[in-house]
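Analysis of the macromolecular model
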Amino acid sequence: MNDKLIIIGASGHGKVIADIAVKNGYHDIVFLDDNETIKTCAGYPVVGKTSDAISLYGDKIVAIGDARIRKEIQSKLSNVVTLIHPQAMISRRVEIGMGSVVMAGAVINSDTSIGKGVIVNTGSSIDHDCWIGDFSHISVGAHVAGTVSIGNSSWIGAGATVINNVNICGECMIGAGTVVINNIEESGTYIGVPARRIEK
Ligand SMILES: CC(C)(COP(=O)(O)OP(=O)(O)OC[C@H]1O[C@@H](n2cnc3c(N)ncnc32)[C@H](O)[C@@H]1OP(=O)(O)O)[C@@H](O)C(=O)NCCC(=O)NCCS
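Source: prediction; values computed, not measured.

**Comments concerning the side chain of Thr 112**
Following the sequence through the fold, Thr 112 ends up in the loop between β10 (107–108) and β11 (113–114). Reaching out from Thr 112, the side chain makes a polar contact with the backbone nitrogen of Asp 129 at a distance of 3.3 Å. With residues near it in sequence (within four places) discarded, Thr 112 still touches Arg 93, Val 94, Glu 95, Ile 126, Asp 127, His 128, Asp 129 and Cys 130.

Below is the structure:
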C-alpha cells in the first residue's frame, strides 16, 4: 500500500471514499476531476484531470457513480485498490474485487462474491451466497437477500429490496424502494412493488 491515494471523481461519493481512505491509513489524498472549477473536495486538493491518473504515482480508486465511466477509467489504471470501511461487517468467506468500495454499516454475509469496481453503499446488506457483478452498485440502505445474482453494471437503488433466489441481469436500474421478487432477464429500468419495467 502507498501512503498516497488518488481519487478520481471529486464528488459526494468521492468525499465518502476519502473518509474511508483516512480510516485505512492513507495520509496523502488528492482528487482528479474533469471539472476545472472544482479546486478542493472534502478539504483535499483537486490536482488534475481524469486523464492524469495514468501517469501519477500512488494508489488509485475511481469514485464515479456512472458504471460505464467507472469501468472505462478503471480499466486503464494500475495500482487500483479496494477500500472497506472498518465498520462494515464482512464475512471471512467473501471475495471482493479490485476497485470496489464498501461503506460504513454495510453487511456482506458468507460465500458472497463481489466483482470489480462495485459500490456497496452505506447501510446496505448483501446476504449469503450472492454474486454481484463488476461495476454494480448496491445503493444506500438497499437489501439483497441470500442466493441472489446481480449482473454487471446493474444499479440497485436506495432502499430497494431483492428477495432470495432471484437473478437480475446486467445493466439494470432498479429504482429506489423497488421490491424485486422475480428474475429480471431484460436490461432496463424497473420500479415499484413488485418491480415492473418502465420504458426509458
Ligand atoms: C427509477 C429512476 C432511475 C427513474 O428515474 P427517471 O428515469 O428520471 O424517471 P422519472 O423521474 O421521469 O419517473 C418516471 C416515472 O416513474 C416514477 N418513478 C420514478 N422512480 C420511481 C421509484 N423509485 N419508485 C416508484 N416510482 C418511481 C415517477 O413517479 C414517474 O411516474 P409518472 O410517469 O407516473 O409520473 C429513479 O427515479 C430512481 O429511483 N433512482 C434511484 C436513485 C438512487 O437510488 N440513488 C441512490 C444513490 S446511493
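**Digging into the nonpolar core**
With 27 residues, the main nonpolar core has Ile 126, Ile 156, Ile 168 and Ile 174 as its most contacted residues. If we skip the residues at most four places from it in the chain, Ile 174 touches Trp 155, Ile 156, Gly 157, Ala 160, Ile 168, Val 180, Ile 184 and Tyr 190. Listed in part, the 19 residues of the second largest apolar core include Ala 10, Ile 17, Ala 18 and Leu 83.

**Focus: the domain arrangement of the protein chain**
Domain boundaries assigned for the protein chain yield domain 1 (4–74) and domain 2 (83–194). Put simply, the middle of domain 1 and the middle of domain 2, counted by C-alpha atoms, are 23 Å apart. On the domain 2 side, the residues contacting the 14 residues of domain 1 number 16 residues. When domain 1 packs against domain 2, close to 1300 Å² is buried across both sides, 71% of that on carbon and sulfur atoms. When residues of domain 1 are sorted by the area they lose upon contact with domain 2, Ile 20, Arg 70 and Gln 74 head the list and together hold 40% of the total.

**What about the sheet that holds strand β1 (residues 4–8)?**
Spatial ordering of the open sheet is given by β3-β4-β2-β1-β5, a layout of five strands whose pairing is mixed. One side of each edge strand has no neighbouring strand; the edge strands of this open sheet are β3 (40–41) and β5 (59–62). As paired elements, β1 and strand β2 (residues 28–32) share five bridges and run parallel to each other. Residue pairing for β2: Ile 6 is matched across the bridge by Val 30.

**As for the pairing of strand β4 (residues 44–48)**
Relative to β4, β2 runs parallel, the two being bridged by two bridges. For Leu 32, the partnering residue across the bridge sits in β4 and is Gly 48. Across two bridges, β3 lies against β4 in antiparallel orientation. Opposite Cys 41, over in β4, you have Tyr 44 as the bridge partner. Connecting β3 to the next strand, β4, in antiparallel fashion are two residues, including Ala 42 with a positive phi near 55 degrees.

**Comments concerning the UniProt feature "binding site: substrate" (unreviewed entry) in the protein chain**
As recorded in UniProt, the feature "binding site: substrate" (unreviewed entry) lies at Ser 11, Gly 12, His 13, Asp 33, Asp 34 and Gly 65. Relative to the assigned elements, Ser 11 resides in the loop between β1 and α1 (12–23). According to the relative accessible area criterion, Ser 11 is partly exposed, its value standing at 27%. Beyond its immediate stretch of four places on either side in the chain, Ser 11 contacts Cys 41 and Ala 63. By secondary structure assignment, the location of His 13 is in helix α1. The class for His 13 is buried, based on a relative accessible area of 17%.

What counts and how
- Residues numbered from 1 in each chain as written.
- Predicted model: local features only at pLDDT ≥ 70, side-chain atom pairs only at ≥ 80, totals over all residues.
- Heavy atoms only, no water.
- Helix = DSSP H or I, 4+ residues; strand = E, 2+ residues; numbered from the N terminus.
- Polar contact = N/O pair within 3.5 Å; in protein donor to acceptor, adjacent residues only side chain to side chain.
- Contact = heavy atoms within 4.5 Å.
- Core = buried A, V, L, I, M, F, W, Y, C linked by side-chain atoms within 4.5 Å.
- Buried < 20%, exposed > 50% of the residue type's maximum accessible area, 1.4 Å probe, protein only.
- Domains from an automatic or database assignment.
- Buried area = accessible area lost by both parts, 1.4 Å probe.
- Pairing = 2+ DSSP bridges.
- UniProt positions renumbered as here; feature names shortened; annotations may be inferred.

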